[in-house]
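Secondary and tertiary structure notes
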Amino acid sequence: MNTTRPRTSHPWLSLLVGIIVGALALLVLGPRPAGLGTPTGNPALARDASAALASARNVETISVARIRDGHASWAGFGEVSPDSRYELGSITKTFDGLLLADAAQRGEVRLDDPLESHLTELAGTEVGSTTLAELVSHRAGLPSLISLDMVRLVAEDLAGAALSAYTTATPDQVIRDSAAVKLSGRGTMQYSNVGASLLGFALARAAGAPDWATYVRARLLEPLGMHDTSVGEPGRPSSDLMPPHQGLGSPTEAWTGSGYAPAGLGVTTTAADLTRYA
């Protein structure tokens, strides 16, 4: 009797080996940005920033602002100015927190409102039962993303491409797909881009705004004079954006998309505007 065991396939093992090989290749052969350039701007801030960045690697430019005793100062390294535009990323989530407080003061929402009271498409779902307070504090039990194709994510990341799981989603799709999500760990802090996006859409809906980009511009950016902060249109990054890079220094595409805009996708700003915000 033949007792030889059949050979089995391990696609994830092959993928893991590929990831390791690709990462090592990037470390050895990938582009290496030059060190920080000559500092400009406020000398004291430049000295403090230089000390803080002593161990920084793969950084081409730095634009830094500091507010001390009611006065703002700026310093930069490389070819930058206070008006150089960068992707804001998840700092955008602080916009949602401020907008929630503002909406509650206006009487448009309450912190303990269930999400389904503003996004009625989610009525009767687990996600619909979460409160605005849970969403803003990442305690709703939601995952970071609704679905994730790890093979595609790794391939896109190694290629320096924007992650399609973020960029192709629309607000309607994020709301619709979240209806099937089963909550896990509700009540404990679990970082969620889905939750931040749903909160942003709910606040815009409660205010009667056509979309989140219009809402954040009218309620936050314009009143604070943040005229250089913008929400990019899907597939159309700002033409004056500083070139984004991955952690190892490889160039990557700018990320845009409406489905995760309240979580930070496609939002760009400058050090001067963030000083106004702070």
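Residues numbered from 1 in each chain as written. Predicted model: local features only at pLDDT ≥ 70, side-chain atom pairs only at ≥ 80, totals over all residues. Heavy atoms only, no water.

**Focus: the nonpolar core**
By size, the foremost hydrophobic cluster in this structure holds 40 residues, and its most contacted members are Leu115, Leu142, Leu198 and Trp212. Filtering out sequence-adjacent residues up to four positions away, Leu115 remains in contact with Leu122, Val127, Gly128, Thr130, Leu132, Leu135, Leu198 and Ala202. Counting residues in each nonpolar core, the second largest holds six residues, with Ala49, Ile62, Ala75 and Phe77 among its members. (Core = buried A, V, L, I, M, F, W, Y, C linked by side-chain atoms within 4.5 Å. Buried < 20%, exposed > 50% of the residue type's maximum accessible area, 1.4 Å probe, protein only. Contact = heavy atoms within 4.5 Å.)

**Considerations on the confidence of the model for the protein chain**
Interpreting fine coordinate detail is not advised for predicted regions of low pLDDT. Of all residues in the protein chain, 81% have pLDDT values of 70 or greater, and the mean over the chain is 86. Segment residues 1–33 is flagged for pLDDT under 50; beyond a separation of four residues in sequence, or across chains, it makes 19 contacts in the model. (pLDDT = per-residue confidence, 0-100.)

**Topic: the packing of helix α7 (residues 171–178) against helix α8 (residues 193–207)**
If you want to describe how two helices pack, look at the angle between their axes and the distance between the axes. Contact geometry for α7 and α8: axes closest at 10 Å, N-to-C directions at 115°. Relative to α8, the element α7 is oriented roughly perpendicular. Note on packing geometry: the crossing formed by α7 with α8 is left-handed. Where α7 abuts α8, its residues Pro171, Val174, Ile175 and Ser178 lie against Leu198, Phe201 and Arg205. Its residues placed into classes, the contact of α7 with α8 shows five nonpolar, one polar and one charged. (Axes fitted to C-alpha atoms, helices over the stretch in contact; angles between N-to-C directions. Helix = DSSP H or I, 4+ residues; strand = E, 2+ residues; numbered from the N terminus. Parallel < 35°, antiparallel > 145°, perpendicular 65-115°, else oblique. Left-handed = near helix turned anticlockwise from the far one by under 90°. Nonpolar A, V, L, I, M, F, W, Y, C, P; charged D, E, K, R; others polar.)

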